[in-house]
Amino acid sequence: MQAARLECVQCGASFSAQEELYECEECGDGIRVIVDMQGLSYEYLRPRWRERPFRLWRYRELLPVTGEEVSLDEGGTPLVQVRFLRDFAEDVRFFAKNEGLNPTGSFKDRGMTVGVTRAKNLGRTRVICASTGNTSASLAAYASRAGMECIVLVPSGGIAKGKLAQALFNGARVIALDGTFDDAMGNILEVAEALDAYVLNSINPYRLEGQKTAAFEVWEQLGHDVPDWLICPVGNGGNMAAYWKGFEELFRLGAVGRLPRLVGVQADGASPIADAILREEDEIVPVDDPKTVASAIRIGNPANWRKTMRAIRESDGLALKVPDAEILRAQSLLAREEGLFVEPASAASIAGALRLAKEGLFRPGERVVCVCTGHGLKDPDAVLESFPDIPPVEPTVEAIVAAAQGEP
Ligand code: F0G
C-alpha cells in the first residue's frame, strides 16, 4: 500500500509521502510514516493475514511500499519460552523473540526488505548506511537481491567479524572509519548526498515500518494479545520505537485493547538514553567514547533517541543499564539453559529481564517478551575469549574417552 504522509515525531509537521526525508524540515527531528488506515479494520485484515504464510509480508496492507517486494522471506521468527528466568519470578512467563533467525541473522532484515523495496519504488540504484555491523550485513544482502550498489561505513576494528564477512561477501563497498559508529552516522547524510545514495539507517522511516512487523508477530504468537512487558536492547533506538508503532497500530485497528509496557536496555558504557530516562531528563547527553563488549549497541549519540524515549514514556515503561559482565552472563545462561545462542547485544534484553525479575518487578500471571536481536554466530570472538584453548587429543578411542570424562 501507499503511505498517507510523513510526520515529524517532535513538532508534528506533516509532509507528503513522496518526499525523501530523514529529518524534519521545520525542527530537524525524526520522521515517521503515518500509514493510511482508512478502510482498514481488523475484521477486514484478519482473514487476509490468516491465509498468508507467517512471514513479514503477511502484513502487507500496513507496509507503505508498492510493487514487487525485495525479499529474502524474512520474519516469522520463533517466540521461545525462556524457562530459567522463571526461577526468579514465580508464575511469570518469559519468552525470547529469536530475531537471529532472520535471513542475515538479525532483525535488521525486517527493515531492509521494506527499505530496499522503497529504494526500488523511488528508482534508486545505490544505497548506503553507517553501521556497527548488522545493518551493513543486512543492507548488503538486500542490495544484492535488488541489484543495487551498496556502500557501508563501519568503525574500523569495532565490527564483529561475522558481520564484516557478510557485508564483504555480499559485495558491499566497506569503508572502515578511523572513528566510532557515531562518527559514521554524523556524516551519513552529507556523504549520501555527495554520492547520490539512498540512506538506509533507521533515520529512514521506512526501515521502522518493516521492523514494526515484529510486534504484529508477537501479538499473534501470544494468541492475539500483547505481552505485559516487552524488553529490547537499545542502540540507536529505532527498534524499540518500531515495536511501539506496531503495537499502537494494532490498538488503533481494534485488534487489541491494551498496550505493553516497554523496557529499553543499554550497556553501562553506552547508555545515553537510559541515563536520561533514569534522571527524568528530556534530552540525552551524548557519550563521547562509548564502551561495551556488545559492539552492536556501542553507540554514544543515538539517532532515534527521541522516538525511543517517547515510546518508553508513553508505555509507562522504564529503562535500565547493565554492565558487560551481566550481558555476558545472560548470553551464557541463555545458551546453556535454553539452547539459544545470541550475540552479546541481544543478551542485553535477557540481562535486563533477569535484573528486573530479581528486583520483583513482574507480577504473577504476566508475560514478558525479551527481544533477542541477533544470532550468536555473528560475533564468536566475544564468546571464545571466555574459554581456554582446547588442547588437541590423540585420535584414539582411549584418549577420546579419557578426554570426554575429564573436567568439562
Ligand atoms: N541489537 C543488535 C544485534 C543490533 O545490531 C542493534 C543495532 C541493536 C540491538 C540496537 O537496535 O539501534 O534500533 O536501537 N545495530 C545497528 C547496526 C546500530 O548498525 O547494526 P537500535
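This write-up is about the structure you can find in this document. For clarity, every value in this text was computed on a predicted model and none was experimentally measured. Numbering of residues begins from 1 in every chain and follows the order in which that chain's sequence is written. Local features in this predicted model are restricted to residues of pLDDT 70 or higher, and side-chain atom pairs are both shown and tallied only at a pLDDT of 80 or more, whereas totals for entire chains, interfaces and linings draw on every residue. To obtain the side-chain values, all non-hydrogen atoms of the structure were used and water was disregarded.

## With respect to the nonpolar core
- Take the buried Ala, Val, Leu, Ile, Met, Phe, Trp, Tyr and Cys residues and link them wherever side-chain atoms come within 4.5 Å; each set so joined is a nonpolar core. The rule is simple: take the accessible area with a 1.4 Å probe, protein chains only, and divide by the maximum for that residue type; under 20% is buried, over 50% is exposed, in between is partly exposed. Counting 89 residues, the largest nonpolar core has Val127 and Tyr243 as the members making the most contacts within it.
- It is helix α8 (residues 238–253) that contributes the most residues to this core, six residues altogether.
- Contact definition: two residues touch when any of their heavy atoms are within 4.5 Å. When residues no more than four places from it in sequence are discounted, the contact partners of Tyr243 are Lys97, Glu99, Ala214, Ala215, Val218, Leu230, Cys232 and Val371.
- If you look at the next biggest cluster of nonpolar residues, it comprises 36 residues, including Phe94, Leu320, Val342 and Leu356. Helix and strand assignments follow DSSP, with helices taken as H or I runs no shorter than four residues and strands as E runs no shorter than two, numbered in order from the N terminus.

## Side note on the pattern of salt bridges
- Salt bridges are defined by distance alone: a side-chain nitrogen of Lys or Arg within 4 Å of a carboxyl oxygen of Asp or Glu. Per the stated rule, a full pass over the model turns up 30 salt bridges.
- Glu61 is the partner of Arg52 in a salt bridge, and the nearest nitrogen-oxygen pair spans 2.8 Å.
- The exposure class of Glu61 is buried, given its relative accessible area of 12%.
- In this structure, Lys161 engages Asp381 in a salt bridge whose closest nitrogen and oxygen atoms are separated by 3.1 Å. With Lys161 in helix α4 (residues 161–169) and Asp381 in helix α13 (residues 380–384), this residue pair connects regions lying 220 residues apart in the sequence.
- With relative accessibility at 58%, the residue Lys161 sits in the exposed group.
- On the accessibility criterion, Asp381 (31% relative accessible area) is partly exposed.

## Brief notes about the sheet that holds strand β13 (residues 367–372)
- What makes two strands pair is DSSP finding at least two bridges between them. Pairing in this open sheet of six strands is mixed, and the strands run β4-β5-β13-β10-β11-β12 from one edge to the other. Of all the strands in the sheet, just β4 (79–81) and β12 (318–322) have a single pairing partner and so form its edges. With direction set aside, neighbouring strand axes in the sheet form an average angle of 25°.
- Where strand β11 (residues 261–267) and β12 come together, five bridges link them in parallel fashion. Paired with Gln266 across the two strands is Lys321, which belongs to β12.
- Contacts from helix α11 (residues 324–338) reach β4, β11, β12 and β13, with the element oriented near 95° to β12. Angles here are taken between N-to-C directions and fall from 0 to 180 degrees, while the axes themselves are lines fitted to C-alpha atoms, restricted in helices to the stretch in contact.

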